[in-house]
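Fold and geometry: a report
Okay, here's what each chain looks like letter by letter:
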Amino acid sequence: MWITWKLLKQKVNNLMSRTNQLVLVRHGESEFNLKNLFCGWHDAPLSAGGLEEARILAAANLNEANMVFDKVYCSKLCRSRTTVEAILSEMQCSFLPIVSDWRLNERHYGNLTGVNKRVLANQYGEEQVQFWRRNYDGLPPPINESNIYYYQIANNPAFLDVPPNEFPLTESMRMCVDRVAPIWLEIKKEVLMGARILLVVHGTVARALIKHIEGFSEEQIEKVNIPNSVPIVYEFNMKSGQLVGDVKYLGDSQYIEKMKKKVAAIGD
């Protein structure tokens, strides 16, 4: 009887200590990243360098870490989807199911969409631009018909499933965090049930997810910077749902820190 109870207790402890991993990746460099333009909901493609990043940074580091996935989530924007396709091709698992969800779209930068960050800083000052970029409640002016990307965004067929009352004209970080909350709960539930998930999203959406995952304060998340194509690995206790161990950034640490600083800066 004692042996049976001991074995049963051991099995319960093993079950409670089971873990599963989730990987978060920001898409490769886009054409707008390359030109230092606010992008948001504009459907800018990857640059040639961004496509290469997805292959030689994201996919290569995932392969080196022996990561295996069951499912992939991305946004409705092509820079997210193209990054997914490049990663899966390099990992020889293009057969995996891909879920594209508008709630994982990048933060909408309103009428700043298409504007060069340095030009804007020269006009309004760096403090104002960083407020729009980084402050938790920083709200850019809403996009209007004078913006050359207004109709491209409004008429993008990829956004047909966005409820009209939820289609943003601008967003703050807070609004973005609220937008991703429901889909994060859906994804986390899958992770805790054993699904190995790869999330390929955008800079601010990655930060919004990190706030939910790591429990950062509003002040803390304002200072987080996510480089393109650097996989971030989270491990969860499948019973408690709590994080286990340290968060892992896959890749060369010096390169990662260098690129974090580049992301934080307004640029040239």
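The coordinates are above.
Below you will find a few notes about this structure. Note that the coordinates shown come from a computational prediction; the quantities given were computed from them, not determined experimentally. (Residues numbered from 1 in each chain as written. Predicted model: local features only at pLDDT ≥ 70, side-chain atom pairs only at ≥ 80, totals over all residues. Heavy atoms only, no water.)

Its boundaries defined by the atoms lining it, the largest pocket holds a volume of some 670 Å³. In terms of lining, the largest pocket is formed by 32 residues, of which the most central are R26, N33, K117, R133 and V263. Among the elements of the structure, α2 (31-34), α6 (126-134), α9 (203-214) and α11 (253-264) are those that each provide at least two residues to the lining of the largest pocket. A breakdown of the residues in the lining of the largest pocket according to their chemical character gives 11 nonpolar, 10 polar and 11 charged. (1 Å grid on protein atoms, 1.4 Å probe; cavity = no way out; pocket = protein on both sides within 12 Å on 5 of 7 lines; lining within 4 Å. Points joined across faces, edges and corners; volume = space filled by probe spheres on them. Helix = DSSP H or I, 4+ residues; strand = E, 2+ residues; numbered from the N terminus. Nonpolar A, V, L, I, M, F, W, Y, C, P; charged D, E, K, R; others polar.)

The subject of this paragraph is the environment of G241. Note on placement: G241 falls in the loop between β5 (232-237) and β6 (248-249). For G241, a relative accessible area of 5% gives the class buried. Taking the C-alpha atoms as reference, G241 lies 15 Å from I210; in sequence the two are 31 residues apart. Once residues within four sequence positions are removed from consideration, G241 is found in contact with K188, L192 and F236. (Buried < 20%, exposed > 50% of the residue type's maximum accessible area, 1.4 Å probe, protein only. Contact = heavy atoms within 4.5 Å.)

Structurally, the position occupied by F167 is in the loop between α7 (150-154) and α8 (173-192). Sequence separation between F167 and R103 is 64 residues, and the spatial gap between their C-alpha atoms is 10 Å. Setting aside chain neighbours within four positions, we find F167 in contact with W41, I153, A154, F159 and V162.

Quick look at the sheet that holds β6 now. Taken in spatial order, the 6 strands line up as β3-β2-β4-β1-β5-β6 in an open sheet, and their pairing is mixed. Looking at the sheet topology across the chains shown, the edges are occupied by β3 (98-100) and β6. Relative to strand β4 (residues 197-201), strand β2 (residues 71-74) runs parallel, the two sharing 4 bridges. Its bridge partner lying in β4, C74 is registered against V200. (Pairing = 2+ DSSP bridges.)

This part covers the nonpolar core. For soluble globular proteins, the rule of thumb is that nonpolar side chains tend to be buried together. Counting 29 residues, the largest nonpolar core has L22, L24, I187, L199 and L209 as the members making the most contacts within it. At the level of elements, β1 (19-26), α8, β4, α9 and β5 are the ones that each hand at least two residues to this core. Residue contributions to this core peak at 8 residues, all from α8. In this structure, A54, L88, M91 and L96 belong to the second largest nonpolar core, which totals 21 residues. (Core = buried A, V, L, I, M, F, W, Y, C linked by side-chain atoms within 4.5 Å.)

Interpretation note: all reported values are geometric properties and have no functional meaning in isolation.
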